[in-house]
Amino acid sequence: MTTKRPTIIYTLTDEAPLLATCSLLPIIRTFAAPAGIDVTTSDISVAARVLAEFSEFLTDEQKVPDTLAELGRLTQEPDTNIIKLPNISASVSQLMACVKELQSKGYAIPDYPEAPKTDEDKAIKVRYGKCLGSAVNPVLREGNSDRRAPAAVKNYAKKHPHSMGKWSQASRTHVSHMKHGDFYHGEKSMTLDRARKVKMELITKEGEAIVLKPEVALLDGEIIDSMFMSKKALCDFYEEQIEDARQSGVMFSLHVKATMMKVSHPIVFGHCVRIFYKDAFKKHAALFRELGVNVNNGMVNLYDKIANLPRSQREEIIEDLHACHEHRPELAMVDSAKGITNFHSPNDIIVDASMPAMIRSGGKMWGADGRQKDAKAVMPESTFARIYQEMINFCKTNGNFDPKTMGTVPNVGLMAQKAEEYGSHDKTFEIPKAGVANITDLDTGEVLLSQNVEEGDIWRMCQVKDAPIRDWVKLAVTRARNSGMPAVFWLDPYRPHENELIKKVELYLKDHDTTGLDIQHMSQVRAMRYTLERVVRGQDTISVTGNILRDYLTDLFPIMELGTSAKMLSIVPLMAGGGMYETGAGGSAPKHVQQLVEENHLRWDSLGEFLALAVSLEDLGIKEGNAKAKLLAKTLDEATGKLLDNDKSPSRKTGELDNRGSHFYLAMYWAQALAAQDEDAELKAYFTPLAKSLADNEAKILAELSAVQGKPVDIGGYYMADAEKTKTVMRPSTTLNAALAATRG
Ligand SMILES: NC(=O)C1=CN([C@@H]2O[C@H](COP(=O)(O)OP(=O)(O)OC[C@H]3O[C@@H](n4cnc5c(N)ncnc54)[C@H](OP(=O)(O)O)[C@@H]3O)[C@@H](O)[C@H]2O)C=CC1
Ligand SMILES: O=C(O)CCC(=O)C(=O)O
Ligand SMILES: [Mg+2]
């Protein structure tokens, strides 16, 4: 029998979370060691994934294993315990920047072929495609999602409410979505009567059969959907909305999720940009074609492509673009100081984070003049856009939410095994010719679902397997039971897919004892209204949702309740028995890196990591019968509570306590909690000296940590920072480093 040591796998990702890890990981290892727990790492950064993909271009010393594939495999093992930090879901421009940086560091990987001509280049583009967008989370999320604000965090937010912008009834901010011709309106759905293999095929009007996806293996009981977005309806919609914003004098902003919906949303984004600037695009059509301009990747792509043109030609284009603004509405800005608009890159405005930010600030977005103004938030797909309008209506009527009194809305999300739209990118196609798009049984030739499509329409197939649905229903019942909160399934009976889900939910609820539980299902808009009526009365309600709403609601409610989704507990009970603990529900905060590099201050809050680590340790303790791990979890929670009470979270301002300082306090409080307990004498003896040395040296350590702030630092890269340089920057307190080293012996 092998006696594998209990192991926590800590992911190394990108940007602010990776920087924070440099400081936090040595602390975690110091505390885990005496419980016999190994903390190993797994590098799943964009850079590591690119290098793993293009191994044959590298020297033997440069080659790295495919850690993401290995981690994905481990999610199938029952004792796996992963702490997953947010990672970059790269846009094309981010990927190209990453490639450039790696090449400059001597990695002879190929250029990203934006407009491939040869078969070889086409193959390279396909391989780079694997590193684009949300390429990590769907591989690891082999379980459904349980996201909530722990009681200590919620109570802290009630005591120390964050600022909220005022909502006025006169606000003209609103959401605009398509009323016809989008994915919602033409959706068809079915539950499979048996396992089948299907293909996705387009039969053109001329009778040509074009196989878009040769084979998808489907399981018995799986729900599949076929849906398309009409290009014409989308473009007409944009024309109307742009004109409506101009006439009514509100700013125009476009909100998509191009990271997760990496095939469809860049196309949806590109149409909007081309329509907005249509006169300039018409005038320069031939040149833009020749240059390979592709604004599906944002205006940044256009600016890059014209950068090397003769000055006069470049200036003429810029002038023509500017001239378009004269008869267009004002554009919402991502960074008004730098002149970066909402159209710069589809990944700058990511709907799950951008809409809550707008609602939190009273329905305002930034204008080019640096002022906050009302905006038309355009979200073409109507399926989920309506929830935001419902919340806006509520805020206009009732005023802004009050974090001091509002109830909490945890989420149970259907996510496992690439559920629903978020797993559809390999089954999403821009239709090359008008015709009929069929999902056809490969063996019998039976057409299961069929759509009439035109050239340029976006057609996709979504899947959700039966086992994840059963698991999701079970998780919802468990959470309702454990929390005592009502649980609402946000399911729209007018939507064919959700109608299929409702049947399954009703069936699988019967597998559980639901006596005394309040479990209902309602359409999204009603569910939002019902939940908000409770929220303002301080009542809590679990939202049980599909994959997209999981994503949207776990930023939306936390941002209202806690000011950020970084403070969420985000658990993925893996269906094979293991656990993945995501840290927070937000992303990798690129702006924080900029502040670190310019001013050596990292405002990233690792609360999400602290919470995830406690649950990971607790789970490991229970599964391995490791009492020391359980005690580490309990004392870590105490330390986290104390950190909140004593206000030792990072400040946004340079010169004040930052991420590294808050890690010091966590270590000190954790060591003190272990020194104070009497359940385990060994741990008490082990941590008492550390508790003492940290407390004795508090002032000295803080001085060392703050002395470095205020000056620029060099971490030797962005996508692949230099490990030694980063360590020097992120671990500047020799006293703290020595105390940790002395403890580990
Ligand atoms: N689980 C995952 O892997 C996820 C990854 N992403 C990826 O992250 C990147 C950035 O996405 P974006 O939409 O900008 O969202 P982010 O969540 O990264 O950022 C939004 C803002 O939230 C605040 N914030 C988020 N986390 C923290 C934290 N721990 N401490 C302090 N503040 C925090 C920051 O505000 P401020 O700047 O005001 O300090 C930040 O600018 C993208 O590549 C995206 O795809 C996004 C979501 C989840
Ligand atoms: O994987 C991504 O790109 C984003 C994930 C996300 O936003 C979420 O899970 O909340
Ligand atoms: Mg999200």
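In case you missed it, the structure is sitting above this.
Residues numbered from 1 in each chain as written. Chains lettered and ligands numbered in written order. Predicted model: local features only at pLDDT ≥ 70, side-chain atom pairs only at ≥ 80, totals over all residues. Heavy atoms only, no water.

Novice: What is the right way to read the site of ligand 2 from this model?
Specialist: Ligand 2 sits among Ser-89, Ser-134, Asn-137, Arg-141, Arg-147, Lys-257, Thr-259, Met-260, Asp-352, Arg-550, Asp-551 and Ala-585. At 2.4 Å, a side-chain N or O of Ser-89 approaches an oxygen atom of ligand 2. Here ligand 2 loses 89% of its free accessible area of 290 Å² to cover by the protein chains. Split by residue class, the shell around ligand 2 holds 2 nonpolar, 4 polar and 6 charged. (Near = heavy atom within 4 Å. Polar contact = N/O pair within 3.5 Å; in protein donor to acceptor, adjacent residues only side chain to side chain. Areas by Shrake-Rupley, 256 points an atom, 1.4 Å probe, with all protein chains shown as cover. Nonpolar A, V, L, I, M, F, W, Y, C, P; charged D, E, K, R; others polar.)

Novice: Would you take a moment to explain the coordination of the magnesium ion (ligand 3) for this structure?
Specialist: Within the protein, Asp-352 (OD) and Asp-551 (OD) serve as the donor atoms for the magnesium ion (ligand 3), at 1.9 to 2.0 Å. Within this pair, whereas Asp-352 is found in helix H14 (residues 351–360), its partner Asp-551 is found in helix H19 (residues 547–562), the two being separated by 199 residues in sequence. Take Asp-352 and Asp-551: they sit in the same class, and that class is buried. (Donors = N, O, S within 2.8 Å, 3.2 Å for Na, K, Ca; no water. Helix = DSSP H or I, 4+ residues; strand = E, 2+ residues; numbered from the N terminus. Buried < 20%, exposed > 50% of the residue type's maximum accessible area, 1.4 Å probe, protein only.)

Novice: How do you make sense of the site of ligand 1 when you look at a structure like this?
Specialist: Around ligand 1 lies a shell of 21 residues, among which Gly-587, Ala-589, His-592, Arg-603 and Asp-605 are the nearest. A distance of 2.7 Å is found between an oxygen atom of ligand 1 and a side-chain nitrogen or oxygen belonging to Arg-603. Between Asp-605 and ligand 1, the recorded distance is 2.8 Å, taken from a backbone N or O atom to a nitrogen atom. Relative to its unbound accessible area of 890 Å², ligand 1 is 80% covered by the protein chains. Counting residues per element, the shell around ligand 1 draws most heavily on helix H20 (residues 590–599), at 3 residues. Among the residues making up the shell around ligand 1, the classes are represented as 8 nonpolar, 8 polar and 5 charged.

Novice: Looking at this model, I keep getting lost on the pattern of salt bridges. Mind explaining?
Specialist: For side chains bearing opposite charge, pairing can occur when the charged atoms are close. Considering all chains together, one arrives at 56 salt bridges under this definition. Here Arg-495 ties to Glu-187 by a salt bridge, and the two come within 2.8 Å at their closest N and O atoms. Here Arg-495 is found in the loop between strand E20 (487–490) and helix H17 (496–509), whereas its partner Glu-187 is found in the loop between strand E5 (174–176) and strand E6 (188–191), with 308 residues between them in sequence. Each member of the pair, Arg-495 together with Glu-187, is buried. For Asp-374, the salt bridge is made with Lys-364, and the minimal N-O distance between the two is 2.9 Å. Here Asp-374 is found in strand E14 (residues 372–378), whereas its partner Lys-364 is found in strand E13 (residues 364–366), with 10 residues between them in sequence. Judged by relative accessible area, which is 29%, Lys-364 ranks as partly exposed. (Salt bridge = Lys/Arg side-chain N within 4 Å of Asp/Glu carboxyl O.)

Novice: In this structure, what is going on with the sheet that holds strand E21 (residues 519–522)? I would like to understand it.
Specialist: Sheet architecture is open: 10 strands sit in the order E2-E1-E3-E24-E23-E4-E15-E22-E20-E21, paired in mixed fashion. Two strands bound the open sheet, and with one partner strand each, they are strand E2 (38–43) and E21. Across the sheet, the mean angle from the axis of one strand to that of its neighbour is 20 degrees, orientation sign disregarded. Here strand E15 (residues 411–413) runs beside strand E22 (residues 542–545); their pairing, made up of 3 bridges, is parallel. Residue pairing in the sheet places Gly-413 in a bridge with Thr-545 of E22. (Pairing = 2+ DSSP bridges. Axes fitted to C-alpha atoms, helices over the stretch in contact; angles between N-to-C directions.)

Novice: How should I be thinking about the nonpolar core in this particular structure?
Specialist: The tendency in soluble globular proteins is for nonpolar side chains to be buried side by side. Ranked by internal contacts, the top residues of the largest apolar core, which has 60 residues, are Phe-31, Leu-617, Trp-670 and Leu-694. Counting residues per element, this core draws most heavily on helix H23 (residues 659–676), which supplies 10 residues. Setting aside its immediate chain neighbours within four residues, Leu-617 contacts Ile-8, Ile-37, Ala-629, Lys-630, Leu-632, Ala-633, Leu-636 and Trp-670. (Core = buried A, V, L, I, M, F, W, Y, C linked by side-chain atoms within 4.5 Å. Contact = heavy atoms within 4.5 Å.)

Novice: I keep staring at the packing of H14 against H19 and nothing clicks. Help me out?
Specialist: Packed helices, taken two at a time, are described by their axes: the angle between them and the distance between them. Orientation of H14 relative to H19, taken along the N-to-C sense of each, is 30 degrees, at an axis distance of 8 Å. As far as their axial angle goes, H19 and H14 are roughly parallel. Crossing of H14 against H19: the hand is right-handed. Here Val-351, Asp-352, Ala-353, Pro-356, Ile-359 and Arg-360 of H14 come into contact with H19, specifically with Asp-551, Tyr-552, Asp-555, Leu-556, Ile-559 and Met-560. Classifying every residue of the contact of H14 with H19 gives 8 nonpolar, no polar and 4 charged. (Parallel < 35°, antiparallel > 145°, perpendicular 65-115°, else oblique. Left-handed = near helix turned anticlockwise from the far one by under 90°.)

Novice: Which parts of the structure should I look at to understand the side chain of Arg-534?
Specialist: In this structure, Arg-534 sits in helix H18 (residues 524–535). Look at Arg-534: it is buried, it has no salt bridge, and the nearest opposite charge is Asp-518 at 5.7 Å. Those residues in contact with Arg-534 that lie beyond four places of it in its chain are Pro-486, Gln-539, Asp-540 and Thr-541. (Lys, Arg positive; Asp, Glu negative; His and termini not counted.)

Novice: Hey, could you run me through the sheet that holds strand E9 (residues 223–229) in this one?
Specialist: Two modes of strand pairing occur in sheets, parallel and antiparallel, and in both the strands are linked by backbone hydrogen bonds. Strand order in the open sheet made by the 4 strands is E6-E9-E19-E16, with antiparallel pairing throughout. Every other strand in the sheet has two partners, leaving E6 and strand E16 (428–430) as the edge strands with one partner each. Between one strand axis and the next, the sheet turns by 10 degrees as a mean value, whatever way the strands run.

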